[in-house]
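What follows is the residue order along each chain.
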Amino acid sequence: MSTVAFYTLGCKVNHYETEAIWQLFKENGYNRVDFEKLADVYVINTCTVTNTGDKKSRQVIRRAIRRNPDAVICVTGCYAQTSPAEILAIPGVDIVIGTQDRPKMLTYIEQFKQERTPINGVKNIMKNRVYEEMDVPSFTDRTRASLKIQEGCNNFCTFCIIPWARGLMRSRNPQDVITQAQQLVDAGYREIVLTGIHTGGYGQDLKDYTLAMLLQDLEAQVKGLKRIRISSIEASQLTDEVIETIEKSNIVVRHMHVPLQSGSDTVLKRMRRKYTMAEFAERINKLKQAMPQVAITSDVIVGFPGETEEEFMETYRFIEEHKFAELHVFPYSKRTGTPAARMEDQIDEDVKNDRVQRLIVLSDQLAKEYASQFENEVLEVIPEEKYKEDPNSGLYEGYSDNYLKVVFPATEDMIGKIVRVKITKSGYPYNEATFVRVMDEITSEVGATAL
Ligand code: SF4
């Protein structure tokens, strides 16, 4: 039996797609082996979000070639889509496929075995207007299942290369999303994370169908689904319709990840983000009214070209005032090929690092404040794994619906189930809790086998 090994760089979407590609190999009789082992085929799913993403991707490709020079080396993903020639120039690379036509991978492998000449399967992504359907009925090792609902982005922010790697906005057919969600629930998952490149943009390219309608249909039609999380949604996509839907919903979690990027109107303009801070504030305030105690997390880029101390402080104060529950802070990193990389006034690394540190301190403080509201409250958590800091302690960790990381005494059979716990000591990154009760006793395939 032939063997295949995978290596995934980058974001959740890439991880999801590796699972989808694995399904294709599985159906064709392949066995999956660890990337560090000898395999007949190596698939490297690459990332290009930063210049470092490209470099790391090249290192991993070379590692696979060294491990088994006779293997078929197949490179896919975002870096493959934007720079196929660069990848084919690495001696030993056999097949390059970008972010589309992945189902052709197996045909290309057979073709390569016969002809022994490298294949470039990358085509112009900008012409693609159709979502490429690929099944992921279960995951190898997760308690939260990702479900990809859309591809691409139409925004072209000046720091971002992703639209060139992923193409324009394409939504997945609603019925396919629902069918896939049911399969995941049937496989034992209680929580589904809706993912995509620009997830909250779902529906923009569909006629008479919206993200809000998808959320309603998932809740009404998927039997046994306990939690829906949206991986990311822009403030402008938190429409009244979406907010009303989540207000009424019993399963959309009290957690929204709303990318801010900057809290300064002038920086936002240079980033070509399509909102002002006033608009952003108005939307999240409305969300907080509809969903009291909602955890709003966000991404911020610090040190964007030309960012003055005053502009940075506008961001700082905005975050402080609006009490985000957690921030992911990124120092601006030049991405070749984007307008921002060519801008003058690039910021010194020292200044960037100093601002990153100040925001991380703020984020930690806000995270603690957010968590402290829940001390002595009972929350529902899905245990994911043994407590990482002390695996022999009998403690397990998992996330509550409002994205608090909670550690509490549990047993292996509780993994993947909804468990009630009482928060005894809030904190960040961990909150301590005592066990109250298991909310569902259905045998979970995830809990019983995969983990
Ligand atoms: S919204 Fe902006 S940052 Fe996000 S994928 Fe689109 S272009 Fe990139």
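Look a little higher up for the structure.
First things first, this report covers the structure right here in the doc. The residue count restarts for each chain, going from 1 along the sequence in the order it is written. With pLDDT at 70 or above as the cut-off, local features in this predicted model cover only qualifying residues; side-chain atom pairs require 80 or more to be listed or tallied, and sums for whole chains, interfaces and linings still use all residues. Only hydrogens and water are set aside; all other atoms, that is, all heavy atoms of the structure, feed into the side-chain values.

### Points about the nonpolar core
Here's step 1: Nonpolar cores were defined as sets of buried Ala, Val, Leu, Ile, Met, Phe, Trp, Tyr and Cys residues, with membership established by side-chain atoms within 4.5 Å. When accessible area is computed with a 1.4 Å probe and restricted to protein chains, residues below 20% of their type maximum are described as buried, those above 50% as exposed, and intermediate ones as partly exposed. One finds Phe 25 and Phe 280 to be the most contacted residues of the largest nonpolar core, which totals 91 residues.
Here's step 2: For Phe 25, the contacting residues outside a window of four places in its chain are Val 4, Phe 6, Tyr 30, Val 41, Val 43, Met 105, Leu 106 and Ile 109. Residue contacts are counted whenever heavy atoms from the two residues lie within 4.5 Å of one another.

### Regarding the site of the ligand
Here's step 1: We call a residue near a molecule or strand when any one of its heavy atoms sits within 4 Å of it. As a structural note, the neighbourhood of the ligand is formed by Cys 153, Asn 155, Phe 156, Cys 157, Phe 159, Cys 160, Pro 163, His 198, Glu 234 and Arg 273.
Here's step 2: Split into classes, the residues belonging to the shell around the ligand amount to six nonpolar, two polar and two charged. For this classification, the nonpolar set comprises Ala, Val, Leu, Ile, Met, Phe, Trp, Tyr, Cys and Pro, the charged set comprises Asp, Glu, Lys and Arg, and every other residue, Gly included, is treated as polar.

### Examining the environment of Gly 427
Here's step 1: Numbering of helices and strands runs from the N terminus; a helix is a DSSP stretch of H or I covering at least four residues, while a strand is a stretch of E covering at least two. Mapped onto the secondary structure, Gly 427 falls in the loop between β18 (419-425) and β19 (431-438).
Here's step 2: Note on Gly 427: relative accessible area 16%, which makes it buried.
Here's step 3: The spatial distance from the C-alpha of Gly 427 to the C-alpha of Glu 369 is 8.3 Å, given a sequence separation of 58 residues.
Here's step 4: Once residues lying within four places of it in the same chain are set aside, the contact partners of Gly 427 are Lys 368 and Ala 371.

### Focus: the pairing of strand β16 (residues 395-400)
Here's step 1: Of all six residues making up β16, five are buried, and the element is well covered by its neighbours.
Here's step 2: Pairing geometry for β16 and strand β17 (residues 405-409), over five bridges, is antiparallel. Note on β17: the bridge partner recorded for Tyr 399 is Lys 405.
Here's step 3: Pairing between strands requires that DSSP locate at least two bridges from one strand to the other. Taken together, β16 and the strand that follows it, β17, pair antiparallel across an intervening segment of four residues, in which Tyr 403 is found at a positive phi of about 65°.

### Topic: the pairing of strand β15 (residues 378-386)
Here's step 1: Note that β15 and β18 share four bridges and pair antiparallel. By the bridge assignment, Val 378 is partnered in β18 with Lys 422.
Here's step 2: Bridge count for β15 against β16 is five bridges, and the pairing is antiparallel. Note on β16: the bridge partner recorded for Val 381 is Ser 400.

### Here's the deal with the sheet that holds β17
Here's step 1: Spatial strand order, β15-β16-β17-β19-β18: five strands in a closed barrel with mixed pairing. Going across the sheet, the axis of each strand differs from the next one's by a mean of 50°, ignoring polarity. The axes used here are C-alpha line fits, helices contributing only the stretch in contact, and every angle between their N-to-C directions lies in the interval 0 to 180 degrees.

### Some words on the environment of Val 294
Here's step 1: With respect to the helices and strands, Val 294 occurs in the loop between α11 (277-290) and β13 (295-302).
Here's step 2: For Val 294, a relative accessible area of 6% translates into the label buried.
Here's step 3: Along the backbone, Val 294 and Asn 402 are 108 residues apart, and their C-alpha atoms lie at a distance of 6.6 Å.
Here's step 4: If near-sequence neighbours (up to four positions away) are discounted, Val 294 is found in contact with Arg 254, His 255, Met 256, Leu 287, Lys 288 and Tyr 370.

### Concerning helix α7 (residues 174-186)
Here's step 1: Over its 13 residues, α7 runs 18 Å from end to end, which matches the ideal 18 Å to within 8%, given 1.5 Å per residue.
Here's step 2: Among the residues making up α7, those that are buried are Pro 174, Val 177, Ile 178, Gln 180, Ala 181, Gln 182, Leu 184 and Val 185.
Here's step 3: On its buried side, α7 packs onto α1 (12-27), β7 (144-148), β10 (191-195) and α8 (211-221).
Here's step 4: Polar contacts here mean pairs of N or O atoms no more than 3.5 Å apart (in protein, one a potential hydrogen donor and the other a potential acceptor; neighbouring residues in sequence count only if both atoms are side-chain atoms). Its side-chain oxygen 2.8 Å from the backbone nitrogen of Gln 175, Asn 173 forms the N-cap of α7.
Here's step 5: Following α7 by one or two positions, Gly 188 has its phi on the positive side, about 115°. In this analysis, the expected span of each helix is defined as 1.5 Å times one less than the number of residues it contains.

### Side note on unusual backbone geometry
Here's step 1: The amide bond that connects Tyr 428 to the next residue, Pro 429, takes the cis arrangement and shows omega of 5°.
Here's step 2: Relative to the helices and strands, Pro 429 resides in the loop between β18 and β19.
Here's step 3: For Gln 293, which is not glycine, the phi torsion reads 65° and is therefore positive.
Here's step 4: The class of Gln 293 is partly exposed, set by a relative accessible area of 33%.

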